[in-house]
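Summary of structural features
Residue-level listing of the chains:
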Amino acid sequence: MAIKLICIDMDGTLLNDNHEISEINKNAIKKAIEKGVHVSVTTGRLFTSAKYFSNLIGSKTAVISSNGAFVKEKDEDKIIFKAALNKNQLEQIKDVVQKYNLRAYFNLFNTVFSEFAIPENHTYRKMNKSLPKGEKIELLDNIKFEDIFKEHDGEILKAICIEDNKIEELNNAKIELKKIKEIEVVSSSHNNFEVMAKGASKGNAVKALAEELGIKREEIMCIGDSENDLSMIEYAGVGVAMGNGFELIKEKAKYITSTNNENGVAKAIEKFAL
């Protein structure tokens, strides 16, 4: 059956290690779009960041962001799916993070909040330096989480902890958070974990988008590399793992393509969609 929807993870998948989209990947995506295939950027990143990269590949399809917690049309004010964390969930996440003395960020679709100073090497801070005002991620640091929980009730989509030097504490906190039934906990790298409301996953988001587009499960290809991609790899008719992906993803995928530095996305598109 022909592929009608391609959902592509960003970091470690669509982007190479320099955080760039190769011309080979762009050209393959362009050919798929010209053929009538929908292409959705499907990422743990905020909607604003995902939309920027979606524009770079020339896609008109809705963006799946915040690990599936927020699915929105790019060019119109239409939300297809949204799963925000409630105040009780946020408080539980905060308590575990503070117990292990970890740094956490809480995200809206366009804003990052932090209780500490956001470092200069943070991905969004580096990106903001070259982006026009309307496409920048708003970064608000040195803010009390209790204040943002109250002010942005029903709007916080994801929490993320990133630690390079506290891997043991990070893993222990992740184990503890996974015991809370009302939330989803996944990692997109060895040095982080990400927390969303129950039911928020890339797999459920792909399902919601496909239903919106009238596309069958077997007509979907999903491409990813990390734990947070597992749900969509398992849901898709054609689940593709990157050559640089986690072993868990490779075990569940129908096909393993080349790495993100070897145009693995383009190779998968050529094989299954073109």
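Since the model is a prediction, treat every value here as computed from it, not as a measurement.

What to know about the packing of helix 3 (residues 87-99) against helix 6 (residues 167-178)
Where helix 3 meets helix 6, the closest approach of the two axes is 9 Å, and the angle between their N-to-C directions is 155°. What the angle tells us is that helix 3 and helix 6 run roughly antiparallel. Two packed elements cross with a definite hand, and for helix 3 against helix 6 that hand is right-handed. Together, Gln 92, Ile 93, Val 96 and Lys 99 of helix 3 and Ala 173, Glu 176 and Leu 177 of helix 6 make up the contact between the two elements. Along the lines of polarity and charge, the residues of the contact of helix 3 with helix 6 split into four nonpolar, one polar and two charged.

Brief notes about the sheet that holds strand 14 (residues 255-256)
The five strands are arranged 2-1-12-13-14 in an open sheet whose pairing can be described as parallel. This sheet does not close on itself; its edge strands, each paired only once, are strand 2 (38-41) and strand 14. Relative to strand 2, strand 1 (residues 5-8) runs parallel, the two sharing four bridges. Within strand 2, the position partnered with Leu 5 by the bridge is His 38. Contacting strand 1, strand 2 and strand 12 (220-224), helix 7 (residues 202-213) runs over the sheet at an angle of about 155° to strand 1.

Digging into the packing of helix 1 (residues 23-34) against helix 10 (residues 264-272)
The axes of two packed helices give the description: the angle between them and the distance between them. As a packed pair, helix 1 and helix 10 sit with axes 8 Å apart at the nearest point and diverge in direction by 30°. By the angle class used here, helix 1 and helix 10 are roughly parallel. In this structure, the crossing between helix 1 and helix 10 has a hand that is left-handed. Contacts between helix 1 and helix 10 pair Ile 24, Asn 25, Ala 28, Ile 29, Lys 31 and Ala 32 from the former with Val 265, Ala 266, Ile 269 and Glu 270 from the latter. When grouped by side-chain class, the residues that make up the contact of helix 1 with helix 10 number seven nonpolar, one polar and two charged.

A word on the domain arrangement of the protein
Per the domain assignment, the segments making up the protein are domain 1 (5-82 + 201-273) and domain 2 (87-197). Taken over C-alpha atoms, the centre of domain 1 sits 23 Å from the centre of domain 2. Taken together, the contacts link 17 residues of domain 1 with 26 residues of domain 2. Of the roughly 1,700 Å² buried between domain 1 and domain 2, counting both surfaces, carbon and sulfur atoms make up 61%.

Topic: the packing of aromatic side chains
Scanning all chains against the criterion turns up nine aromatic pairs. Taken together, the ring pairs connect Phe 47, Phe 70 and Phe 109 into an aromatic cluster. If you follow Lys 271 out to its NZ or CZ, it ends over the ring of Phe 272, 5.6 Å from the centre.

Points about the pairing of strand 12
Across the five residues of strand 12, five count as buried, placing the element largely inside the fold. With burial as the criterion, each face of strand 12 is covered, one bearing Ile 220, Cys 222 and Gly 224 and the other bearing Met 221 and Ile 223. Bridge count for strand 1 against strand 12 is four bridges, and the pairing is parallel. Of the residues in strand 12, the one forming a bridge with Cys 7 is Cys 222. Once the chain exits strand 12 it traverses helix 8 (residues 230-235) before rejoining the sheet at strand 13 (residues 238-241), and the crossover so formed is right-handed.

Observations regarding the sheet that holds strand 10 (residues 183-186)
Sheet architecture is open: six strands sit in the order 8-7-6-9-11-10, paired in mixed fashion. Each edge of the open sheet carries a strand with a single partner, namely strand 8 (138-140) and strand 10. Across the sheet, the axes of successive neighbouring strands diverge by a mean angle of 20°, strand direction being ignored. Pairing geometry for strand 7 (residues 111-114) and strand 8, over three bridges, is parallel. Paired with Thr 111 across the strands is Glu 138, a residue of strand 8.

Digging into the pattern of salt bridges
Counted by the stated rule, this structure contains 19 salt bridges. Measuring nitrogen to oxygen at the nearest pair gives 3.5 Å for the salt bridge that ties Asp 95 to Lys 94. The salt bridge involving Glu 163 is made with Arg 103; its shortest N-O contact spans 3.7 Å. Note that Glu 163 is positioned in the loop between strand 9 (158-162) and helix 6 and Arg 103 in the loop between helix 3 and strand 6 (104-107), a separation of 60 residues in sequence. Taking relative accessible area as the criterion, Glu 163 reaches 5% and is therefore assigned buried.

What to know about helix 1
Residue pairs spaced three or four apart in an α-helix point in one direction, given the helix's 3.6 residues per turn. An ideal rise of 1.5 Å per residue puts 16 Å on twelve residues; helix 1 measures up with 16 Å between its terminal C-alpha atoms. For helix 1, the set of buried residues is Asn 25, Ala 28, Ile 29 and Ala 32. Seen along its axis, helix 1 keeps its buried residues to an arc of 95°; they face one direction. Helix 1 presents Glu 23 and Glu 34 as exposed residues on the side facing more than 90 degrees away from its buried surface. Remark: Gly 36 follows helix 1 within two positions and exhibits a positive phi of approximately 100°.

Parameters and conventions
- Residues numbered from 1 in each chain as written.
- Predicted model: local features only at pLDDT ≥ 70, side-chain atom pairs only at ≥ 80, totals over all residues.
- Heavy atoms only, no water.
- Axes fitted to C-alpha atoms, helices over the stretch in contact; angles between N-to-C directions.
- Helix = DSSP H or I, 4+ residues; strand = E, 2+ residues; numbered from the N terminus.
- Parallel < 35°, antiparallel > 145°, perpendicular 65-115°, else oblique.
- Left-handed = near helix turned anticlockwise from the far one by under 90°.
- Contact = heavy atoms within 4.5 Å.
- Nonpolar A, V, L, I, M, F, W, Y, C, P; charged D, E, K, R; others polar.
- Pairing = 2+ DSSP bridges.
- Domains from an automatic or database assignment.
- Buried area = accessible area lost by both parts, 1.4 Å probe.
- Phe/Tyr/Trp six-rings, centres within 6.5 Å; stacked < 30°, edge-to-face > 60°.
- Lys NZ or Arg CZ within 6 Å of the ring centre and 35° of its normal.
- Buried < 20%, exposed > 50% of the residue type's maximum accessible area, 1.4 Å probe, protein only.
- Right-handed = clockwise from strand over helix to strand, strands pointing away.
- Salt bridge = Lys/Arg side-chain N within 4 Å of Asp/Glu carboxyl O.
- Expected span 1.5 Å × (residues − 1).
- Arc of directions from axis to C-beta.

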